[in-house]
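Given next are the chains, with one letter for each unit.
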Amino acid sequence: MTLLSSETLNTPSHDLTFELIPLPQPDSDIPLIPVRMLNEFTYCPRLGYLEWVQGEWAENLETMQGTFGHRNVDKADRKEIVSPAESNQPDECEAVSPEIVHARSIQLSSLKEGITAKLDLLELEGHVATPVDYKRGKIPDIPEGVYEPERVQLCAQGLILRDAGYTVNEGIIYYIGSRRRVVVPFDEALVVRTRQLIADFKSTTSAGHCPPPLIDSPKCPRCSLVGICLPDEVNLLSRISSTHDLEMDSTDETPSTSVKENRDGLRRLLASKNLSLPLYVQKQGAYVGKSGDRINIKYKDEKLNDVRLIDVSQLCLYGNVSISAPAMKELLTRNIPICHFTYGGWFYGISSGLVHKNVELRIKQYNAASSPLLALEVSRQLIAGKIKNSRTILRRHLGQADAPVLKKLADYYKRVFRVDNLDSLRGIEGMAAKEYFANFFPLIAGASQMAVEHRNRRPPTDPINAVLSFVYSLLTKELTIAAQSVGFDPMLGFLHTPRYGRPSLALDLAEEFRPLIADSVTLMVFNNGEVNESSFIKRAGAVAMTDAARKSVLANFERRMDSEITHPIFGYKLSYRRVLEVQTRLLARHLMGELPHYPNFCTR
């Protein structure tokens, strides 16, 4: 191993200002493995598959530092680089007085090797080429001086250059933190290892099965995709062999012994908390624009608000609110969804960036939705979770452990697992909901004066149902965003039949969270006196909220989404907003065959 000082990086190079001539592009029908993905596959096969095949990506501190460290080498040179195979000059002329030429951000491909790469820096001395790759951090304290994934990535770049006709004997890793170079010789062992990993990656992607997560690996905590991969969580759920182990006894409300034993030592490998929040705009006639890196909200000549883009997780527009093209473009470029609501709060659309590339998941979703047995299996778990959580809400507020409604809901819960078709399941859900709401409405202060008799909607005829419908719409919006971010088609569900303009999958996923989030928010806003009968407008038998009432409900909803709760299976705390994403990802893991059952979320 040879260490060279960082001064070598600044070796005077021949100053050329010509156009870069790209090498012949490979046939677009032949999938070429990006060398960067080969690095990820070498580090963890599951990571490489998630990023390349399923299109998953998440930023963390390390990835952002790496992007910043590459800010100079990512700027392509306008230099004419002709490969030896295209050069008409004899080798003797090249060897007379070769000059070192530096070229940045070079995109190359090799059909022979089946790979493609973007080189950070290419050093040419005649027909001798040396790829230079930039890495964040300092030189690792290992004999090789470079970890295997980086050596494989660099060697793959060398193989592409060799296929282009260059002589390539070594590569260089430049560590930004140490400001030092490490030379990596391309010996036969490294070349064989690199080609074997390329073949393994191809066979893995061709098989169409995501590799299993690593078990208790030290690589996981610092991985940027740990909150997406959920390695410890998936391994735990895989160890729990039957649906019964995932359920809680209908009267005991505690995790089963199997769950407690298996989750011992479970690491809290969750993504860092996202500090950005939804931005709601409900002022009729307001205009949303962009100025620099900020979102501006104006009404006529009055400035209503000014928010940094990095603080916005989603933009929600109610009624007659317009948005400028530059603001929309910037939001969609940053993958910030724009949610559209009617003035009354009906969620009817969402604007987002490009569709998630995980087509594998959507194929599995379509197959499951078209299979009565698979759709029934998922729907059972969702409705079982809803009934269990409904029972939990009533048990907390009624203060009677032997209340008749609790026994009825426990019976409906058991009957869920005995039905053999979706229509029967929907019937049980409807009967359980009727029992639940008959006991839920009396828990709300002033319910008797509001003439609330039953759950009604489209339009709601009383204040309580108006709030319930509004918060259910917010919950559906959150799960539509979660479903899209995971790779699902939110319009195709398992329990709710497809209907024009209805996000059926989001409504399916919302079932088990209606009592925990929406119904709890409704209880809070009424019982805390934040809304009352004067907060509503009655017209032609329909009831709608005033702007002030909507603001109060939105504030309570966001507080509920940010509140933390202990996960009943994993045993650690996380926010409800994160719970929605985790449960959506667990459903994806089940449909992809990694989990035998979808584990519903039942709080205690």
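Residues numbered from 1 in each chain as written. Predicted model: local features only at pLDDT ≥ 70, side-chain atom pairs only at ≥ 80, totals over all residues. Heavy atoms only, no water.

Focus on the overall build of the protein
Next up, step 1: Along the protein, the regular secondary structure elements total 20 helices and 19 strands.
Next up, step 2: Out of the 604 residues belonging to the protein, those deemed buried represent 54%.
Next up, step 3: Across the protein, contacts joining residues at least 24 apart in sequence account for 68% of those joining residues at least 6 apart.
Next up, step 4: Surface exposure of the protein reaches about 28000 Å², of which carbon and sulfur atoms provide 52%. (Helix = DSSP H or I, 4+ residues; strand = E, 2+ residues; numbered from the N terminus. Buried < 20%, exposed > 50% of the residue type's maximum accessible area, 1.4 Å probe, protein only. Contact = heavy atoms within 4.5 Å. Areas by Shrake-Rupley, 256 points an atom, 1.4 Å probe, with all protein chains shown as cover.)

Remarks on the sheet that holds strand E11 (residues 302–308)
Sheet strands pair by backbone hydrogen bonding; their relative direction is either parallel or antiparallel.
Next up, step 1: Spatial ordering of the open sheet is given by E11-E10-E9-E13, a layout of four strands whose pairing is mixed. Where the open sheet ends on each side, the last strands, each with one partner, are E11 and strand E13 (322–323).
Next up, step 2: The sheet contact formed by strand E9 (residues 287–291) and E13 spans two bridges and is parallel. If you follow Tyr-287 over to E13, its bridge partner there is Ser-322. (Pairing = 2+ DSSP bridges.)

What to know about the sheet that holds strand E15 (residues 347–351)
Next up, step 1: Overall, mixed pairing links the four strands, which are arranged E8-E12-E14-E15 in an open sheet. Unpaired on one side and paired on the other, strand E8 (277–281) and E15 mark the two borders of the sheet. Between one strand axis and the next, the sheet turns through 20° on average, direction left out of account.
Next up, step 2: The pairing of strand E14 (residues 338–341) with E15 spans four bridges and is antiparallel. From the neighbouring strand, Cys-339 faces E15, where its bridge partner is Ile-350.
Next up, step 3: Relative to the sheet, helix H16 (residues 463–486) contacts E8, strand E12 (312–318), E14 and E15, its axis offset from that of E15 by approximately 30°. (Axes fitted to C-alpha atoms, helices over the stretch in contact; angles between N-to-C directions.)

A closer look at the environment of Val-521
Next up, step 1: Secondary-structure assignment places Val-521 in helix H18 (residues 514–527).
Next up, step 2: The sequence separation of Val-521 and Phe-557 amounts to 36 residues, and the corresponding C-alpha distance is 6.1 Å.
Next up, step 3: Those residues in contact with Val-521, other than ones at most four positions away along the chain, are Val-471, Val-553, Asn-556, Phe-557 and Arg-560.

Structural notes on the packing of aromatic side chains
What characterises a pair of aromatic rings is the spacing of the ring centres plus the angle enclosed by the ring planes.
Next up, step 1: On inspection of all chains with the given rule, the structure shows 16 aromatic pairs.
Next up, step 2: The interplanar angle of 85° and the centroid separation of 6.1 Å between the aromatic rings of Phe-437 and Phe-440 together place this pair among those described as edge-to-face. Of this pair, Phe-437 and Phe-440 both sit in helix H15 (residues 422–440), three residues apart, roughly one helical turn. Across this residue pair, the class does not change: Phe-437 and Phe-440 are buried.
Next up, step 3: By relative accessible area, which is 12% here, Phe-437 ends up buried. (Phe/Tyr/Trp six-rings, centres within 6.5 Å; stacked < 30°, edge-to-face > 60°.)

Quick word on the environment of Thr-167
Next up, step 1: Inspection of the secondary structure puts Thr-167 in the loop between helix H5 (148–163) and strand E6 (170–175).
Next up, step 2: C-alpha separation for the pair Thr-167 and Leu-124, spaced 43 residues apart in sequence, amounts to 9.8 Å.
Next up, step 3: When near neighbours in sequence (up to four residues on either side) are disregarded, Thr-167 contacts His-127, Val-128 and Ala-129.

Notes on the packing of helix H1 (residues 35–43) against helix H2 (residues 45–52)
For any two helices packed against each other, the geometry is given by the interaxial angle and the distance between the axes.
Next up, step 1: Packing of H1 against H2 brings their axes to within 5 Å, and their N-to-C directions diverge by 145°. Within the contact between the two elements, H1 uses Arg-36, Met-37, Glu-40, Phe-41 and Tyr-43 and H2 uses Pro-45, Leu-47, Gly-48, Glu-51 and Trp-52.
Next up, step 2: Class assignment for the residues of the contact of H1 with H2 results in six nonpolar, one polar and three charged. (Nonpolar A, V, L, I, M, F, W, Y, C, P; charged D, E, K, R; others polar.)

Quick word on the side chain of Lys-386
Next up, step 1: Residue position: Lys-386 is located in helix H13 (residues 372–398).
Next up, step 2: For Lys-386, a relative accessible area of 12% puts it in the buried group.
Next up, step 3: There is a polar contact of 2.5 Å between the side chain of Lys-386 and the side chain of Glu-429.
Next up, step 4: Residues in contact with Lys-386, not counting those within four places in the same chain, are Glu-429, Glu-511, Glu-512, Arg-514 and Pro-515. (Polar contact = N/O pair within 3.5 Å; in protein donor to acceptor, adjacent residues only side chain to side chain.)

A closer look at unusual backbone geometry
Next up, step 1: Its identity is not glycine, yet Arg-179 carries a phi of approximately 55°, on the positive side.
Next up, step 2: Tracing the sequence through the fold places Arg-179 in the loop between E6 and strand E7 (180–185).
Next up, step 3: Residue Leu-230 is not a glycine yet carries a positive backbone phi of 50°.

Overview of the confidence of the model for the protein
Next up, step 1: Chain-level statistics for the protein give a pLDDT mean of 82 and a share of 83% at 70 or above.
Next up, step 2: The model gives residues 92–96 a pLDDT under 50, and that stretch makes four contacts with residues more than four places away or in other chains. (pLDDT = per-residue confidence, 0-100.)

Focus on the environment of Ser-291
Next up, step 1: Here Ser-291 is to be found in strand E9.
Next up, step 2: Along the primary structure Ser-291 and Leu-309 are separated by 18 residues, whereas in three dimensions their C-alpha atoms are 10.0 Å apart.

Structural notes on the pairing of E9
Next up, step 1: By the bridge criterion, five bridges tie E9 to strand E10 (residues 294–299) in an arrangement that is antiparallel. Counted as the bridge partner of Lys-290 is Ile-295 from E10.
Next up, step 2: Where E9 hands over to E10, the hairpin turn is made up of two residues, of which Gly-292 adopts a positive phi near 65°.

Section: the pattern of salt bridges
Where charged atoms from two side chains of opposite charge approach closely, those side chains can pair.
Next up, step 1: For the structure on display, the rule yields 27 salt bridges.
Next up, step 2: Here Glu-148 ties to Arg-193 by a salt bridge, and the two come within 2.7 Å at their closest N and O atoms. Here the residue Glu-148 occupies a position in helix H5, and Arg-193 occupies one in helix H6 (residues 188–207), the gap between them amounting to 45 residues.
Next up, step 3: By relative accessible area, Glu-148 is classed as partly exposed at 27%.
Next up, step 4: Note that Arg-308 and Asp-311 form a salt bridge whose closest N and O atoms lie 2.9 Å from each other.
Next up, step 5: Taking relative accessible area as the criterion, Asp-311 reaches 28% and is therefore assigned partly exposed.
Next up, step 6: Among the charged side chains, a network of salt bridges with common partners joins Lys-477, Glu-478, Glu-558, Asp-562 and Arg-577. (Salt bridge = Lys/Arg side-chain N within 4 Å of Asp/Glu carboxyl O.)

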